[in-house]
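# Close look at the chain arrangement
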Amino acid sequence: MNWKKMIICASVGLIAVAGLAGCSNSGSGTGDTGKVVEIEYWHVASDSFGGQTLRELVDDFNKSHPNIKVKEKFNPDMYKGLTQNLQAAVASGQTPDVVQMGWDFLNYADENFKHDDINKIFATAGDPNFIKDTFEPNIAKLAQTADGTQVGVPYSLSVPVLYYNPDIFKAAGLDPSKPPKTWQEVREYAQQIKDKTGASAFFMQEYADTWTNQALVESNGGTMLKQENGKWKAGFDTPEAAEGYQFIADMVRDGIGLHATNEEGFQAFTSGKLAMVCTTIGKRANFEKSSNFKVMTTAFPAFGNKPVKVPAGGNFLMILSKDPAKQKAAAEFVKYLESADNLTKWDTGTGYLPPRKKMDAEGPYKKLMDENENVKKAMEMLPNVTPWISFPGQNGLQAEQVLIDTRDVVLNGSKSAREALHDAAVKINELLEG
């Protein structure tokens, strides 16, 4: 795999501190011999996105480590929500000990959340070569800043894929063994499905981020962010980017695509009322478990003969503990989560791809790949992965929100993609200069 250097940075505004008093990293430590060390683990694993598996892992760890107690806390609104909550926690003098940090917040987390060198934390915990021994160098670098600081430990990897219902395909006269490979084919399949069955045809995830939109733009030869004269500017005010956004909007306009909440879109798919969904491979396990049909996947579609480029999704684990006893306990917990067996449990319960060395060549995950074609297809997409970018500077999160809002403007037909993206670029460039 030719992983590229992450070019990611974000900025997050303060939100209310209500409900954060349970954070465990405040005041004096709990390092006295014989005492149970309590640590808190923040994550984004909802019940439909690996939550049950996460709780099982935490429970198993607590049972097998009687001197450590891990308390898990779910944060809604994915990585943006977690990062906002974390900034509020820091402002209140309270922080959790271990967090699932989204790849697109790597630089922001390094700059704004005080943390010790994670290699030193593992060295103090008795395993100085943990990261070197566990991950290939290119994977370890995903959780490093440009200057080589190892901010965290790679944990979850994901790529966007196209899920589809083979039963609806058959009912529409389509061959499930020949899924669409290009966006033009997606549109043709969707139209045929609508005409022949009346079923809804296509939905692209609408999380509070621009992950799949970046995949559209970059796969069409565009870019989300560019640098001119040493300054960052919006890169999406181009025909290539507009074409990517407009393609999905035209499907919605023509009644063969949905503009809906994720809950509505995903529910329509698992209930057998929607033919195709473009979202993260991290939803694989939930889709397979919740659907009464055989869930099938194919690679993120291409624009003609242009190379497909998909941003790396998922997260790394960051240790924020300052107390030595909590740091040692946190390191033990992270090592537990990163074991081959527990990564397999996590990836089986979610759909994420594992970062650990040789997982695709031997052991329990290799067995999962051999048994599940959807897993195998997702692993084959890793060479197409590019960095998941975010807008830099103190106004980075506001800039991203402008683009999220722009997606809705384009999908509801209020403005053309070209006009809406131009307006967004003007606003974002002003924010980036601020």
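Basis of the calculations
Residue indices begin from 1 for each chain and proceed along its sequence in written order. In view of the model being predicted, local features appear only for residues whose pLDDT reaches at least 70, and side-chain atom pairs are presented and counted only at 80 or more, with totals across whole chains, interfaces and linings using the full set of residues. Excluded from the side-chain calculations are hydrogens and water; all other atoms, namely the structure's heavy atoms, are used. Each nonpolar core is a collection of buried residues, namely Ala, Val, Leu, Ile, Met, Phe, Trp, Tyr and Cys, held together in the definition by side-chain atoms within 4.5 Å. For each residue, the accessible area found with a 1.4 Å probe, counting protein chains only, is set against the maximum for its type, and the residue is called buried under 20%, exposed over 50%, and partly exposed in between. Contacts between residues were defined by any pair of non-hydrogen atoms, one from each residue, lying within 4.5 Å. All axes are obtained by fitting lines to C-alpha atoms, using only the stretch in contact for helices, and the reported angles, taken between N-to-C directions, cover 0 to 180 degrees. The way it works is that DSSP assigns letters per residue, a run of H or I at least four long becomes a helix, a run of E at least two long becomes a strand, and they are numbered from the N terminus. Roughly parallel here means an angle under 35 degrees, roughly antiparallel means over 145, roughly perpendicular means 65 to 115, and every remaining angle is called oblique. We count a salt bridge whenever a side-chain nitrogen from Lys or Arg sits within 4 Å of a carboxyl oxygen from Asp or Glu. Strands are treated as partners if at least two bridges between them are detected by DSSP. For Phe, Tyr and Trp, rings pair up if their centres lie within 6.5 Å, where Trp contributes its six-membered ring, and each pair is then called stacked (planes under 30 degrees apart), edge-to-face (over 60) or tilted (otherwise). Any Lys NZ or Arg CZ found within 6 Å of a ring centre and within 35 degrees of that ring's normal is scored as a charge over the ring. Counting rule applied: Lys, Arg positive; Asp, Glu negative; His and chain ends not counted. Expected span of a helix, by definition, is 1.5 Å for each gap between consecutive residues, and there is one gap fewer than residues. For this quantity, the arc is that covered by the directions from the helix axis to the C-beta atoms.

## Focus on the nonpolar core
Core analysis: the largest hydrophobic core is formed by 141 residues, its most contacted members being Tyr41, Trp183, Ile193, Phe202, Phe236, Met276 and Phe300. In contact with phenylalanine 202, other than residues within four places in its own chain, are Leu162, Trp183, Val186, Ile248, Met251, Ile256, Gly257, Leu258, Leu274, Met276 and Cys278.

## Structural notes on the packing of helix H1 (residues 51-64) against helix H14 (residues 340-350)
H14 packs onto H1 with a crossing angle of 155° between their chain directions and a minimal axis gap of 9 Å. On the basis of the axis angle, H1 is roughly antiparallel to H14. For the pair H1 and H14, the contacting residues are Thr53, Leu54, Leu57 and Asp60 in the first and Asn342, Lys345, Trp346 and Gly349 in the second.

## Considerations on the pattern of salt bridges
All chains considered together, the criterion is met by 14 salt bridges. Of the charged contacts, one joins aspartate 47 and arginine 55 as a salt bridge, the two residues approaching to 3.0 Å between their closest N and O atoms. By relative accessible area, which is 32% here, arginine 55 ends up partly exposed. Here arginine 253 and aspartate 250 are joined by a salt bridge, their closest N and O atoms 3.3 Å apart. On the criterion of helical spacing, the pair formed by arginine 253 and aspartate 250 is a turn pair, its members being 3 residues apart in helix H10 (residues 239-253).

## Here we look at the sheet that holds strand E6 (residues 200-204)
Read from one edge to the other, the open sheet built from 5 strands follows the order E9-E6-E10-E5-E11, with strand pairing classed as mixed. Edge positions in the sheet fall to strand E9 (257-258) and strand E11 (296-299), since each of these pairs with one other strand and no more. One ladder, built from 4 bridges, connects E6 with strand E10 (residues 274-280); its direction is parallel. In the sheet register, methionine 204 faces E10, and the bridge partner there is cysteine 278.

## Digging into the packing of aromatic side chains
Overall, the coordinates contain 25 aromatic pairs when judged by the stated rule. Considering the side-chain rings of tyrosine 79 and tryptophan 388, the 6.3 Å spacing of their centres and the 70° angle between planes classify their relative orientation as edge-to-face. Remark: tryptophan 388 occurs in the loop between strand E14 (385-386) and helix H17 (396-411) and tyrosine 79 occurs in helix H2 (residues 78-91); sequence separation between them is 309 residues. Here tryptophan 183 and phenylalanine 303 contribute two aromatic rings whose centre-to-centre distance is 6.3 Å and whose plane-to-plane angle is 35°, an arrangement assigned as tilted. Taken as a pair, tryptophan 183 in helix H8 (residues 183-197) and phenylalanine 303 in the loop between E11 and strand E12 (310-311) lie far apart in primary sequence, 120 residues in all. With respect to burial, tryptophan 183 and phenylalanine 303 carry one shared label: buried. By way of ring pairs, the aromatic residues Tyr163, Phe203, Tyr207, Phe266, Phe269, Phe287 and Phe293 are connected into one cluster. Here lysine 283 stacks its cationic end above the ring of phenylalanine 49, 5.7 Å away from the centre of that ring.

## A short note on the side chain of glutamate 218
Mapping glutamate 218 onto the fold places it in helix H9 (residues 211-219). The buried charged residue glutamate 218 lacks any salt bridge partner; its closest oppositely charged side chain belongs to lysine 309, at an N-O distance of 6.2 Å.

## As for H8
Every α-helix winds through 3.6 residues per turn, so residues three or four apart in the chain are directed the same way. The end-to-end C-alpha distance of H8, which contains 15 residues, comes to 21 Å, matching closely the 21 Å that a straight helix rising 1.5 Å per residue would cover. Trp183, Val186, Tyr189, Ala190 and Ile193 are the residues of H8 that are buried. The buried residues of H8 all sit within an arc of 115° when viewed along its axis, so they share a single face. For H8, the exposed residues set more than 90 degrees away from the buried face come down to Asp195 and Lys196. Its buried side turned inward, H8 meets strand E5 (160-164), helix H7 (166-171), E6, H9, H10 and E10.

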